Amino acid sequence: MVAAVRAAFENLKADFMDARFPLIAGRVAGGSLAWGETLLGLYQAGGRAELDGIDALARFWILRYRGMPVPADMTGAPPGAAFVLAFTAFPYLDVMIEAWELGGLVGEGEDSDRPRLHLLFDGNDEGEVVTAERSGGSWRFDLMPLYRGKARALQTFIDARFGGDFDAFVEHYVAEHDLEFDFKQAWTPLNLENNHGR
């Protein structure tokens, strides 16, 4: 069973590296889906105070998609898709996926339909655990430990390069990529924007 879970995890990593995001969205589970649901609500209705209260990776994804000339329409998007979009929002961190792998079971007598395995990064166990869920003939994964790792890495980058100034980081990113971007719109809840447009 452990070998099958590890193989499914390696296949999921390959899907990430090949940007097969719709496939990945259907293979996330647990806390990943709960976070995706939260993100969809924040994307629609989160203002400055709400966005300042979440991690930089999620905040960056929301601003990036809301600040486009026409904000991305996430109406009807499934939670798995929102999770994957946030997880991959800052592409420079995507190489991290290659360094993750699953170790052994956390405990003896683990539930064979929901096993928990140690998460290794560059072969090191940093105390994180990934829960897998049997899904038909394959497995789905709660990727929140990986998400938290990427969010920490982004915050470390912002702290080191921009003195922790998130706005300066976003402004630099927009300028570096020559993006059409509306900062005021990005920070404004979409429901307010829609109401003003009526």
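Just so you know, the residues in each chain are numbered from 1, in the order the chain's sequence is written. Only residues with pLDDT of at least 70 get local features here, since the model is predicted, and only at 80 or more are side-chain atom pairs given and counted; chain-wide, interface and lining totals rely on the full set of residues. The side-chain numbers reported here are obtained from all heavy atoms of the structure, hydrogens and water having been left aside.

1. Topic: helix α9 (residues 166-176)
- Considered for burial, the residues of α9 that qualify are Phe166, Phe169, Val170, Tyr173 and Val174. Projected down its long axis, α9 carries its buried residues within an arc of 130°, all on one side.
- Contact partners of the buried residues in α9: α5 (56-66), α8 (144-162) and α10 (183-187).
- Identification of polar contacts relies on pairs of N or O atoms within 3.5 Å, with a donor-acceptor requirement for protein atoms, meaning one able to donate a hydrogen and the other able to accept it, and with residues adjacent in sequence counted only if both atoms are side-chain atoms. By the criteria applied, helices consist of DSSP H or I runs no shorter than four residues and strands consist of E runs no shorter than two, each listed in order from the N terminus. If you check the start of α9, you find a side-chain oxygen 3.1 Å away from the backbone N of Asp167, and it comes from Asp165.
- One or two residues past the end of α9 sits Asp178, with phi positive at roughly 50°. Exposed residues in this analysis have more than 50% of their type's maximum accessible area, buried residues have under 20%, and partly exposed residues fall in between, with area computed by a 1.4 Å probe over protein chains only. Directions drawn from the helix axis to the C-beta atoms are what define this arc. The contact definition used throughout considers only heavy atoms, calling two residues in contact when any of these lie within 4.5 Å.

2. Here we look at a negative patch on the surface
- A residue counts toward a patch only above 30% relative accessible area and without a salt bridge, and it is joined to like-charged neighbours within 9 Å or, for Val, Leu, Ile, Met, Phe, Trp and Tyr, to nonpolar neighbours within 5 Å. Areas reported as accessible are Shrake-Rupley estimates using a 1.4 Å probe. Residue values count occlusion only from the protein chains shown. Here, a salt bridge means any Lys or Arg side-chain nitrogen found within 4 Å of an Asp or Glu carboxyl oxygen. Counting rule applied: Lys, Arg positive; Asp, Glu negative; His and chain ends not counted. Where a charge sits is defined by one atom per residue type, namely NZ (Lys), CZ (Arg), CG (Asp) or CD (Glu). Taken together, the side chains of Glu101, Asp122, Asp125 and Glu126 make up a negatively charged region of the molecular surface.
- Within the fold, Asp125 resides in strand β3 (residues 124-135).
- For Asp125, a relative accessible area of 43% gives the class partly exposed.

3. Looking at the sheet that holds strand β2 (residues 116-121)
- Pairing between two strands is assigned when DSSP locates at least 2 bridges connecting them. Pairing is antiparallel in the open sheet, where four strands are placed in the order β1-β2-β3-β4. For this open sheet the edge positions go to β1 (100-105) and β4 (138-142), each flanked by a neighbour on one side alone. Sheet twist, expressed as the average angle between the axes of neighbouring strands with direction ignored, equals 45°.
- In this structure, β3 lies alongside β4, joined through five bridges in antiparallel fashion. Looking at β4, one finds that Ser135 is bridged to Ser138.
- Geometry is summarised by axes, namely lines fitted to C-alpha atoms with helices restricted to the contacting stretch, and by angles between N-to-C directions that run from 0 to 180 degrees. Packing against the sheet, helix α1 (residues 2-17) makes contact with β1, β2, β3 and β4, and its axis sits at approximately 170° to β1.
- Packing against the sheet, α8 makes contact with β1, β2, β3 and β4, and its axis sits at approximately 140° to β3.

4. Some points on the environment of Asp159
- Among the structural elements, Asp159 can be located in helix α8.
- Separated by 10 residues in sequence, Asp159 and Phe169 place their C-alpha atoms 9.5 Å apart.

5. Quick word on the pairing of β3
- Across five bridges, the pairing between β2 and β3 is antiparallel. Looking at β3, one finds that His118 is bridged to Val129.
- The antiparallel pairing of β2 with β3 creates a hairpin that spans two residues between the two strands, and Asp122 there sits at a positive phi of about 55°.
- Between β3 and β4, which follow one another and run antiparallel, lie two residues, and Gly136 among them has a positive phi close to 65°.

6. Looking at the packing of α5 against α9
- α9 packs onto α5 with a crossing angle of 45° between their chain directions and a minimal axis gap of 12 Å. Taken together, the axes of α5 and α9 are oblique relative to one another. Seen along the crossing, α5 lies across α9 with a hand that is right-handed. In contact with Ala56, Arg59, Phe60, Leu63 and Arg64 of α5, α9 contributes Phe166, Phe169, Val170 and Tyr173.
- Each residue is assigned to one of three groups, with Ala, Val, Leu, Ile, Met, Phe, Trp, Tyr, Cys and Pro labelled nonpolar, Asp, Glu, Lys and Arg labelled charged, and all others, Gly among them, labelled polar. For the contact of α5 with α9, a count of residues per class yields seven nonpolar, no polar and two charged. These descriptions rest on fixed angle ranges, namely under 35 degrees for roughly parallel, over 145 for roughly antiparallel, 65 to 115 for roughly perpendicular, and the rest for oblique. Crossing handedness follows the turn of the near helix against the far one: under a right angle anticlockwise gives a left-handed crossing, and clockwise gives a right-handed one.

7. Considering α5
- Within α5, nine of the 11 residues are buried, leaving the element largely enclosed by the surrounding structure.
- Of the residues making up α5, those classed as buried are Ala56, Leu57, Ala58, Arg59, Phe60, Trp61, Ile62, Leu63 and Arg66.
- Measuring from the side-chain oxygen of the N-cap residue of α5 to the backbone nitrogen of Leu57 gives 3.0 Å; that N-cap residue is Asp55.

8. Quick word on the pattern of salt bridges
- Per the stated rule, a full pass over the model turns up 12 salt bridges.
- Here Arg20 makes a salt bridge to Asp15, at a shortest N to O gap of 2.7 Å.
- Here Arg20 falls in the partly exposed class, since its relative accessible area comes to 33%.
- Note that Glu133 is salt-bridged to Arg140, the shortest N-O span being 3.5 Å.
- Three or more residues joined by partner-sharing salt bridges are found here, namely Asp15, Asp18, Arg20 and Arg27.

That's the geometry; what it means functionally is another story.
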